[in-house]
Amino acid sequence: MQFIKVKFLKNGQAAGRAYTYRSPVEVKPGDQVELPGGKHAIVVDEPVDAAWVQVYGADKIQEIVGKEEEK
């Protein structure tokens, strides 16, 4: 299980701030992922603050649905 930062896609481009999600599959920056609720996002190369995850609670962080296949 890894913790990643993603940005939501708006008109096919990453937009807004980065959000932390759990990923049961290996992903890297630039990969597109599907989020709960049918939303789509892109993995960004931003560090996840491990201390924040520990304080917030890893079990409270939402998990991605899966990695989208490359077209």
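Our structure's up above, just so we're on the same page.
Here we summarise the structure given alongside this text. These figures come from a predicted structure and were not determined experimentally.

Conventions we followed
- Going along each chain's sequence as written, the residues are numbered from 1 onward.
- Restriction of local features to residues with pLDDT of at least 70 applies here, the model being predicted, together with a cutoff of 80 or more for giving and counting side-chain atom pairs; totals for whole chains, interfaces and linings are based on all residues.
- Side-chain measures here rest on the full set of heavy atoms in the structure, leaving out hydrogens and waters.
- Remark: nonpolar core denotes a set of buried residues (Ala, Val, Leu, Ile, Met, Phe, Trp, Tyr, Cys) joined through side-chain atoms within 4.5 Å.
- The buried label applies to any residue whose accessible area, calculated with a 1.4 Å probe on protein chains only, is under 20% of its type's maximum; exposed applies above 50%, and partly exposed to all values in between.
- Numbering of helices and strands starts at the N terminus; helices are DSSP runs of H or I of at least 4 residues and strands are runs of E of at least 2.
- Residue contacts are defined here by distance: any two heavy atoms, one from each residue, within 4.5 Å place the two residues in contact.

## Topic: the nonpolar core
Judged by nonpolar contacts, Ile4, Val6, Tyr21, Val27, Val33, Leu35, Ala41, Val43 and Ile64 together constitute the single largest core of nine residues. When residues of this core are traced back to their parent elements, those giving at least two are strand E1 (2-10) and strand E5 (40-44). Not counting the four nearest positions on each side in its chain, Leu35 is found in contact with Val6, Phe8, Tyr21, Ala41, Ile64 and Val65.

## Focus on unusual backbone geometry
Even without being a glycine, Asn11 presents a positive backbone phi close to 55 degrees. Considering the arrangement of structural elements, one finds Asn11 in the loop between E1 and strand E2 (13-14). By relative accessible area, Asn11 is classed as exposed at 75%.

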